[in-house]
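# Overview (structure and organization)
Now for the letters of each chain:
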Amino acid sequence: RVSRLFVTDIAVCLRMEQFAANEPFGDNFCLYVLMKGLISRGVRGMKMHQTGYVWGEEHLLLTAFWLLVPNTAMAMSFSEVSSITREQFQEVCAEHPETASRMRRYFCWFVVTRGIVCTAQRIRDGGDLERQDTSPLMISAIGDVHSEW
């Protein structure tokens, strides 16, 4: 668990945004929480999501672009979302050093799970797993941690 003060500081940084029906939105390196409405996301087919859906968690922690899932969404009805950028999140984490070990755990979890998914997609698509740049990419993803984590 993280402290209530940490959660409060995150909540203070959240920005409310509204989108009309059929309006695309979603920036990389942001986390989104759907507060009202209905959206669709096109990650491996179109999926509909309703109030309470959260996406973009990995965008707050990972810096290796090949491990990120696109953050784009389409509002299917009038929708309100709360969002926070990576920079804002990192500032709050810097103010709460007690969260460092937890953030490091999440970072490692995202690197491993996204790495497995990316490797599986490469196998499915007939990609070459023996590429020489695979190991350095994964090593750089694992080693690319912010100094405070």
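The following refers to the structure shown.

Procedures and definitions
Residues numbered from 1 in each chain as written. Predicted model: local features only at pLDDT ≥ 70, side-chain atom pairs only at ≥ 80, totals over all residues. Heavy atoms only, no water. Pairing = 2+ DSSP bridges. Helix = DSSP H or I, 4+ residues; strand = E, 2+ residues; numbered from the N terminus. Buried < 20%, exposed > 50% of the residue type's maximum accessible area, 1.4 Å probe, protein only. Contact = heavy atoms within 4.5 Å. Core = buried A, V, L, I, M, F, W, Y, C linked by side-chain atoms within 4.5 Å. Salt bridge = Lys/Arg side-chain N within 4 Å of Asp/Glu carboxyl O. Phe/Tyr/Trp six-rings, centres within 6.5 Å; stacked < 30°, edge-to-face > 60°. 1 Å grid on protein atoms, 1.4 Å probe; cavity = no way out; pocket = protein on both sides within 12 Å on 5 of 7 lines; lining within 4 Å. Points joined across faces, edges and corners; volume = space filled by probe spheres on them. Nonpolar A, V, L, I, M, F, W, Y, C, P; charged D, E, K, R; others polar.

## Overview of the sheet that holds strand β3 (residues 30-36)
One open sheet accounts for 4 strands, arranged β1-β8-β3-β6; its pairing is antiparallel. Two strands close off the open sheet at either side, each with one partner strand: β1 (15-19) and β6 (54-55). Sheet topology places β3 next to β6; 2 bridges connect them, and they run antiparallel. Looking at β6, one finds that V33 is bridged to V54.

## Thoughts on the environment of Q18
Relative to the helices and strands, Q18 resides in strand β1. The class of Q18 is partly exposed, set by a relative accessible area of 44%. Sequence separation of Q18 and V81 is 63 residues, and the distance between their C-alpha atoms is 6.4 Å. The contacts of Q18, once residues within four sequence positions are left out, are F78, S79 and E80.

## A closer look at the nonpolar core
Among the nonpolar cores identified, the biggest contains 19 residues, and F6, I10, L61, L62, I84, F89 and M103 are the most heavily contacted of them. Among the secondary structure elements, those contributing two or more residues to this core are α1 (4-13), β3, α2 (57-61), α3 (86-95) and α4 (100-124). Of the residues forming this core, the biggest block, 5 residues, is contributed by α4. C30, Y32, I39 and A73 belong to the second largest nonpolar core, which has 10 residues in total.

## A look at the pattern of salt bridges
Tallied over the entire structure, the rule returns 2 salt bridges. Note that E17 is salt-bridged to R15, the shortest N-O span being 3.1 Å. Overall, the relative accessible area of 39% leaves R15 in the partly exposed class. When the shortest N-O distance is used, the salt bridge between R124 and D125 registers 3.5 Å. In this structure D125 comes out as exposed when scored by relative accessible area, which is 58%.

## What about the pairing of β3?
Most of β3 sits inside the fold, with 5 of its 7 residues counted as buried. With 6 bridges connecting them, β3 and strand β8 (residues 79-85) associate as antiparallel partners. Across the sheet, residue Y32 finds its bridge partner in β8, namely S83.

## Considerations on the packing of aromatic side chains
Going through the model one piece at a time under the given rule, you end up with 8 aromatic pairs. With 5.1 Å between their ring centres and 70 degrees between their planes, W109 and F110 make a pair best called edge-to-face. F110 gets classed as buried once you look at its relative accessible area, which sits at 13%. One aromatic cluster is present, formed by F19, F25, Y32, Y53 and W55 through successive ring pairs.

## Describing the layout of surface pockets
Its boundaries defined by the atoms lining it, the largest pocket holds a volume of some 340 Å³. Lining of the largest pocket is provided by 15 residues; of these, F6, L31, L60, F89 and M103 occupy positions nearest its centre. Sorting the residues of the lining of the largest pocket by element identifies α1, α2 and α4 as the ones contributing at least two each. Take the lining of the largest pocket: its biggest share by element is 4 residues, from α1. Of the residues assigned to the lining of the largest pocket, the class counts are 14 nonpolar, no polar and 1 charged.

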